[in-house]
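# Observations on the three-dimensional arrangement
Single-letter residue listing:
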Amino acid sequence: FPSHDRSGSTLKNVYISGDGNIMIGMFDTDRISIVSNNTGKTWSNTSCGLSMYIRYGAISYTGKYAIFTMNYTNSENSLLYNRIYISNDYCNTFMLYSIGTGITACSVCTMSKSGKYMFVCNSKANFADTDATGGLSISSDYGKTWTTSSISNGNYGSIACSADGRIVYLASYNSSSGKIYY
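The structure displayed is predicted, hence computed values, not measured ones.

Before going further, it helps to spend a moment on the environment of Y90. Position of Y90 relative to the elements: it lies in the loop between β7 (83–87) and β8 (95–98). Look at Y90 and you get partly exposed, because its relative accessible area is 37%. Considering only alpha carbons, one finds Y90 and S36, 54 residues apart in sequence, at a separation of 9.8 Å.

Our focus in this paragraph is the nonpolar core. In terms of nonpolar packing, the biggest core is built from 22 residues, with I67, L136, I159 and L170 touching the most fellow members. When contributions to this core are tallied by element, the ones reaching two or more residues are β5 (54–59), β7, β9 (108–111), β10 (118–121), β11 (136–139), β13 (156–161) and β14 (168–172). Looking at which element gives the most residues to this core, the answer is β10, with four residues. Apart from the residues within four sequence positions on either side, I159 is in contact with V108, C109, T110, F119, C121, L136, V168, Y169 and L170. In this structure, I22, A66, F68 and F94 belong to the second largest nonpolar core, which totals 13 residues.

Tallied over the full model, the rule gives three aromatic pairs. Centre to centre, the rings of Y15 and F68 are 4.8 Å apart; their planes meet at 75°, and the pair counts as edge-to-face. Here Y15, found in strand β1 (residues 11–16), pairs with F68, found in strand β6 (residues 66–70); they are 53 residues apart in sequence, far enough to count as distant. Among the aromatic residues, those joined into a ring-pair cluster are Y15, F68 and F94. The lysine or arginine in question, K113, covers the ring of Y61, its NZ or CZ lying 4.8 Å from the ring centre.

Conventions used here
Residues numbered from 1 in each chain as written. Predicted model: local features only at pLDDT ≥ 70, side-chain atom pairs only at ≥ 80, totals over all residues. Heavy atoms only, no water. Helix = DSSP H or I, 4+ residues; strand = E, 2+ residues; numbered from the N terminus. Buried < 20%, exposed > 50% of the residue type's maximum accessible area, 1.4 Å probe, protein only. Core = buried A, V, L, I, M, F, W, Y, C linked by side-chain atoms within 4.5 Å. Contact = heavy atoms within 4.5 Å. Phe/Tyr/Trp six-rings, centres within 6.5 Å; stacked < 30°, edge-to-face > 60°. Lys NZ or Arg CZ within 6 Å of the ring centre and 35° of its normal.

Structure representation (structure tokens):
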């Protein structure tokens, strides 16, 4: 990554599209991120609207679609529930969405290769999530609308899906068990 002039800030999260073209790096102390849309040859600072509380994310194979879930507080120290950021323009801009399904902050997420199928699942992997509830929320239209699956609430710390989005695996946090959703 290029050097940056953010005194006291640390590059905390890095995401890359499957084809390697889109890369995004987020810092821990501000809402400015660095983005490359040419396999890392050049980088630009962007104020793309992402919160510094982003915890998990996924980018589609081409980088056209991206999803990020929020961490647990905003600038007023209020808990943020049901909130995700979605981009449909190669990580140039992000819209904040509320999926409204009981999924709480620090939710893990994944998406299919095309980005058509997006999945967000509750995770209690962070100490702030002691009251977290929810199960698996699914979008089959690039994040425009969301439904809740029949899978039960759980203590999920990881999620992955097949390239076509047909199979999703949820791994339980601090457990050797998981669930498969078809």
